[in-house]
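# Architecture and fold: a report
Residues per chain, in single letters:
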Amino acid sequence: MKGLFLLIAFTILNLSSFSDNLKERGSREAVLLKTELPEKLIFIVRNQYAPDHHNSATLFQTDEINTEKFDPGSALKILNTKTGETTTIIESATGVVRDPEVSFDGKKILFSHRKNIADDYHIYEINADGSNLKQLTYAEGVSDIDPLYLPNGQIIFSSTREPKYCMCNRHIMANLYRMNPDGSNIVQLGKSTLFEGHAALMNDGRIIYDRWEYIDRNFGDAQGLWTVNPDGTKHAIFYGNNMNSPGGVIDPRQLPNSNLMLCIFGSCHDRPWGAVALLDRSKGVDGEQSVVKIWPEKARSLIGKGNYDTFMQLDVRYEDPFPINESNFLVSKSIYKEKKGNHLQNEKMALYTLDMDGNETLLYEDKNQGCFDPMPLESRFKPMNIPTARKFDESPGYFYVQDVYESTHMEGVEKGEVKYLRVIESPEKRTYTQPAWSGQGAQAPGVNWHSFENKRVLGTIPVEKDGSVYFEAPSSRYLFFQLLDEDKKMVQSMRSGVIVHPGETNGCIGCHEDRLMVPPVASKMPTAMRKKPAKLSNPDEAELYSYMRDMQPVFDKHCVECHDFGKEAGEKLILAGDRNPYFNASYIDLQLKKQITGVGGGPSNIMQAKSWGSHASNIVTVIEKGHHDVSLSKDEMEALYTWIDLNGIYYPFYESAYPNNPAGRSPITSKELNRLGKLCGVEFGKLAGHSRKLGPQITFERPALSPCLQNIKKKKAAYTEALAIIQKGKERLQETPRADMAGFKPCEEQQEQLNKYINRLQIEQKNNQAITDGKLNYDTKPND
């Protein structure tokens, strides 16, 4: 089959027959004639993915929130660049073929295929001539995409095999996995709580991939490039982790014989496309100074400007960049410019070449659908194999920091001031609700005032006088660290996560050090590294942090006597623990009246030491100075510091007992809450988010004290009906405790989701055990 094809001439004879085309398109086309294209390219024909929540939301997985957006009809094809002929390798009228990758010898192709809407994506391999089709993965209810050949024959891919959801919405996420060439012994390499995709090989054998993740920061600008060894060890930031725009740095490919990296600068709420950028990391790990070249050039003015969706302003967008050599690149480019809002409409994509001089040449346009994922069908350089340096059991890993004071953001912190390092786990979100709390994004259900995460404090480790730390940590968990002073007040905090695998040792020069710096020369081994690694005390027994359990009792003991409903001090600040539809009274009032300085879902940039947390919070200052003879014990003060330094979090669980009610937390329904609002003259619909102006209006523990009732006491009928609604909420909580109460149980639907998570975890454990035992374990095939 021939499409709308511009034949690239390689000889003077051929040039003459295309002189008219060259004149029409301009002299910019002639530059490409100097570089011979590979004779054969593979590519995908399909429709552009439907718009959705995030650039990673292209799976439309079965039984998930956006399944109906699956758009079938696709093929894997070969383009002969000399003749313009295309050959179909595999076609799927009812499904989608995506993410092709050519083997190093050019003879085989990996790809992901979903046969129909009832199926999910699985990894396949086929010979380049279309023979010997093999299905490698079979797991039901998961999506396997983005396969990549490793130098040793193994395969890396992204998968939803650990079923979890973005904390800012309800969409299924994915991590990196690895398997043998025959599909056996699939093991998880990444544990970040969001999305790891577009893995590609670097020239030195490492993997580079894009990673969307956030801890205490904005959801939209937290997607950059990371590197990892093929065994899952040494995850490290490469570029773009602390930029407000672009919102996503994705789809990386390193140039051959070069340190430069090709990638896409895109947006959060868009498809996986945007501007093509060529990066020189030696000039910086963030920012415009590292961008050697960008297509279109006007996109350069968008770097660092606006927000995470600024690149949606582009009227032409690119995706799937692939370097032919150091100067010429393949890419898929949009060829329609009709827009509706920020979204391009009728987004048809065609194959183009780009070069360093800014020339663009159309290679192929399909008559009906878009063209994606161009890649030469030929042998190519095979990087060295990096050997495995980890175990596949449940043994711990190890972290070290050479000097915590080696930092770009420790202004005003004196040497010796840091006494402890706190180790915190940020767990994955395994379930979701439809109703949401409007924090920094749509928390579904509501979890915190502004930030997204629940957290588990695993313990603290002493920091040596020279700033060094060395400790044992639980493996295969998503962790972050905080530096504490002698009072255990937070000095500095990470806002990205780290992972250590069994038997792995990972570490840093400092805390937020310059990532391009040469490690300082030490006259002797850091003190911590001359000792056995410190151990956390019982990290496996640590509970998820709960505001009601861990913080509220301090206020109950020392503060509620005055700071209660109906009392003079309560007019200034309520510190009572009465629950309302979303959180409790003290939590809302402390946040609303800015008594704590958290970072919430904070900015992309690294924060200075002590700029937020207990050192910067008014309630801490008031209590430390002495407040009406209130005296908290050392443990109680530490409890206050800890809560604030964990960014003022509330719920211990993402799961819900009331998944269909307001914010996924309220024991009274939306209809009842609206009726209550009409009776009381309160717009409760405006109170389900951090931008609310009113303090707590309902108390389920003491319904008659609810502030929303106080102005209608003289309206007997309205008061009686309104009080009955709140009383009904109290009774429901007594019968069905919610996630901030003892006895909480997730709703039935979420228990099914949790069971799926546990089943997938057990399979992962079996696969790891098979590797440890020298055996092979495969996905269960349907009907096996």
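Residues numbered from 1 in each chain as written. Predicted model: local features only at pLDDT ≥ 70, side-chain atom pairs only at ≥ 80, totals over all residues. Heavy atoms only, no water.

## Observations concerning the state of the cysteines
Test applied: Only a pair of cysteine sulfur atoms within 2.5 Å counts as a disulfide in this structure description.
Following the criterion strictly, the structure yields 0 disulfides and no others. Lacking any disulfide linkage, Cys-263 is separated from the closest cysteine sulfur, that of Cys-268, by 17 Å.

## Here we look at the pairing of strand β3 (residues 74-80)
The side chains of a regular strand alternate, first on one face of the sheet and then on the other. The criterion, for reference: In this scheme, a residue with accessible area under 20% of its type's maximum is buried, one over 50% is exposed, and one in between is partly exposed, where area comes from a 1.4 Å probe on protein chains only. Per the convention used, a helix needs a DSSP run of H or I reaching at least four residues, while a strand needs a run of E reaching at least two, with both numbered from the N terminus. Strands were regarded as paired on the criterion that DSSP finds at least two bridges between them.
Most of β3 is tucked away, with 7 of its 7 residues classed as buried. The alternating pattern of β3 places Ser-74, Leu-76, Ile-78 and Asn-80 and Ala-75, Lys-77 and Leu-79 on opposite faces, both of which are buried. Here β3 runs beside strand β4 (residues 86-92); their pairing, made up of 6 bridges, is antiparallel. Across the sheet, the residue bridging to Lys-77 is Thr-88, located in β4. Joining the antiparallel neighbours β3 and β4 is a turn of 5 residues, in which Gly-84 adopts a positive phi near 80 degrees.

## A closer look at unusual backbone geometry
With an omega dihedral of 10 degrees, the bond running from Ser-245 to Pro-246 counts as a cis peptide bond. Summarising the element assignment, Pro-246 is placed in the loop between β16 (236-239) and β17 (248-254). Although it is not a glycine, Asp-216 adopts a positive phi angle of roughly 55 degrees. Position of Asp-216 among the secondary structure elements: in the loop between β14 (207-212) and β15 (223-228). Judged by relative accessible area, Asp-216 falls into the buried class, the value being 0%. In this structure, Asn-538 is a non-glycine residue whose phi angle is positive, near 55 degrees. Position of Asn-538 relative to the elements: it lies in the loop between β37 (534-535) and α3 (547-550).

## With respect to the packing of aromatic side chains
Short version of the rule: The pairing test for Phe, Tyr and Trp rings, Trp by its six-membered ring, is centres within 6.5 Å, and the orientation test on the planes gives stacked under 30 degrees, edge-to-face over 60, and tilted for anything in between. In this analysis the charged atom, NZ for Lys or CZ for Arg, is taken to sit over a ring once it is within 6 Å of the ring centre and within 35 degrees of the ring normal.
Tallied over the entire structure, the rule returns 28 aromatic pairs. Taken together, a centroid distance of 5.2 Å and an interplanar angle of 70 degrees make the contact between Tyr-547 and Tyr-587 edge-to-face. Taken together, the positions of Tyr-547 in helix α3 and Tyr-587 in helix α6 (residues 585-592) put the pair 40 residues apart, joining distant regions of the chain. Residue classification places Tyr-587 among the buried residues on the basis of a relative accessible area of 0%. Three or more aromatic residues joined by ring pairs form one cluster here, namely Trp-437, Trp-449, Tyr-547, Tyr-582, Phe-583, Tyr-587, Trp-643, Tyr-650 and Tyr-651. A cation over a ring is seen here: Lys-488 above Tyr-420, with NZ or CZ 5.0 Å from the ring centre.

## A closer look at the pattern of salt bridges
Rules: Throughout this description, the term salt bridge denotes a Lys or Arg side-chain nitrogen within 4 Å of a carboxyl oxygen of Asp or Glu.
Per the counting criterion, the structure on display carries 41 salt bridges. Residues Lys-164 and Glu-162 are paired through a salt bridge, measuring 2.8 Å at the closest nitrogen-oxygen approach. Here Lys-164 and Glu-162 have matching classes, each one buried. A salt bridge links Glu-162 to Lys-191; the shortest N-O distance between them is 2.8 Å. Here Glu-162 is found in the loop between β10 (155-159) and β11 (175-179), whereas its partner Lys-191 is found in the loop between β12 (187-188) and β13 (195-201), with 29 residues between them in sequence. Classification of Glu-162 by relative accessible area gives buried; the value is 5%.

## Let's talk about the sheet that holds strand β36 (residues 505-508)
Hydrogen bonds along the backbone pair up the strands of a sheet, which may run parallel or antiparallel. Strand order in this open sheet of 4 strands is β36-β28-β33-β37, and the pairing throughout is mixed. Two strands in the sheet have a free side with no partner beyond their single neighbour: β36 and β37. Summarising the sheet, strand β33 (residues 469-473) and β37 pair through 2 bridges and their orientation is parallel. Across the sheet, residue Phe-471 finds its bridge partner in β37, namely Ala-534.

## Comments concerning the environment of Arg-98
For clarity, the threshold we go by: Working rule for contacts: check all heavy atoms of both residues, and any pair within 4.5 Å makes them a contact. Two N or O atoms count as a polar contact when they lie within 3.5 Å, although within protein this holds only if one can serve as hydrogen donor and the other as acceptor, and sequence-adjacent residues are included solely when both atoms are side-chain atoms.
Here Arg-98 lies in strand β5 (residues 96-102). In this structure the C-alpha to C-alpha distance between Arg-98 and Glu-752, which are 654 residues apart in sequence, comes to 30 Å. Once residues within four sequence positions are removed from consideration, Arg-98 is found in contact with Ile-44, Tyr-49, Thr-58, Leu-59, Phe-111, Ser-112, Tyr-121 and Ile-145. Here Thr-58 takes part through its side chain, which lies 3.2 Å from a polar atom of the side chain of Arg-98.

## Regarding helix α11 (residues 748-773)
In an α-helix, one full turn covers 3.6 residues, which means residues spaced three or four apart are oriented alike. Worth spelling out the cut-off: Residue count minus one, scaled by 1.5 Å, sets the expected span of a helix.
Over its 26 residues, α11 extends 37 Å from the first C-alpha to the last, a length consistent with the 38 Å expected when each residue adds 1.5 Å. Among the residues of α11, those classed as buried are Gln-750, Gln-753, Leu-754, Tyr-757, Arg-760, Glu-764, Asn-767, Asn-768 and Ala-770. Positive phi shows up at Gly-774, right after α11, with a value of about 70 degrees.

## Here we look at the sheet that holds strand β9 (residues 144-149)
Spatially, β9-β10-β11-β12 is the arrangement adopted by the 4 strands of the open sheet, whose pairing is antiparallel. The open sheet is flanked by β9 and β12, the only strands paired with a single partner.

## Overview of the pairing of strand β2 (residues 40-46)
Where burial is concerned, most of β2 is hidden: 6 out of the 7 residues are buried. Summarising the sheet, β2 and β3 pair through 7 bridges and their orientation is antiparallel. Within β3, the residue paired with Lys-40 across the bridge is Asn-80.

## Describing the nonpolar core
Note the threshold: Nine residue types can take part in a nonpolar core, namely buried Ala, Val, Leu, Ile, Met, Phe, Trp, Tyr and Cys, and a core is a set of them joined through side-chain atoms within 4.5 Å.
Tyr-214, Trp-643 and Leu-676 are the most contacted members of the largest nonpolar core, which has 114 residues in total. Counting 30 residues, the second largest nonpolar core, distinct from the first, contains Val-102, Phe-111, Leu-330 and Leu-363.

## A few points about the side chain of Ser-92
Within the secondary structure, Ser-92 sits in strand β4. With a relative accessible area of 5%, Ser-92 lands in the buried category. Polar contacts involving the side chain of Ser-92 include one to the main-chain amide nitrogen of Gly-95, which spans 3.0 Å. Setting aside chain neighbours within four positions, we find Ser-92 in contact with Gly-73, Ser-74, Val-97, His-113, Arg-114 and Lys-115.

## A closer look at the packing of helix α7 (residues 618-625) against helix α8 (residues 634-645)
Worth spelling out the cut-off: Axis definition: a line fitted to C-alpha atoms, limited for helices to the stretch in contact. Angles are taken between N-to-C directions and run from 0 to 180 degrees. Angle categories: roughly parallel below 35 degrees, roughly antiparallel above 145, roughly perpendicular from 65 to 115, and oblique for all the rest. Crossing handedness follows the turn of the near helix against the far one: under a right angle anticlockwise gives a left-handed crossing, and clockwise gives a right-handed one. Any residue that is not Ala, Val, Leu, Ile, Met, Phe, Trp, Tyr, Cys, Pro, Asp, Glu, Lys or Arg is counted as polar, Gly included; the first ten are nonpolar and the last four charged.
Where α7 meets α8, the closest approach of the two axes is 11 Å, and the angle between their N-to-C directions is 165 degrees. Between α7 and α8, the interaxial angle falls into the category roughly antiparallel. Considering the relative orientation of α7 and α8, their crossing is left-handed. Residues Ile-619, Val-620, Ile-623 and Glu-624 of α7 form the contact with α8, whose participating residues are Met-637, Leu-640, Tyr-641 and Ile-644. Residue classes in the contact of α7 with α8 are distributed as 7 nonpolar, no polar and 1 charged.

## Some points on the side chain of Ser-192
Among the structural elements, Ser-192 can be located in the loop between β12 and β13. Ignoring sequence-local partners within four residues, the contact set of Ser-192 consists of Lys-164, Asn-175, Arg-211, Glu-213, Tyr-478 and Ile-499.

## Quick notes on the environment of Glu-162
In this structure, the C-alpha to C-alpha distance between Glu-162 and Lys-191, residues 29 residues apart in sequence, is 8.9 Å. Each residue touching Glu-162, except ones within four places of it in the same chain, is listed here: Asn-175, Tyr-177, Gln-188, Lys-191, Glu-428 and Tyr-757. Only 2.8 Å separates the side chain of Glu-162 from the side chain of Gln-188, close enough to count as a polar contact.

## Overview of the packing of helix α9 (residues 670-680) against helix α10 (residues 716-735)
The N-to-C vectors of α9 and α10 enclose an angle of 150 degrees; their axes lie 9 Å apart at closest approach. For the element pair α9 and α10, the recorded crossing hand is left-handed. Contacts between α9 and α10 involve Glu-672, Arg-675, Leu-676, Leu-679 and Cys-680 from the first element and Ala-718, Glu-721, Ala-722, Ile-725, Ile-726, Lys-728 and Arg-732 from the second. Its residues assigned to classes, the contact of α9 with α10 comprises 7 nonpolar, no polar and 5 charged.

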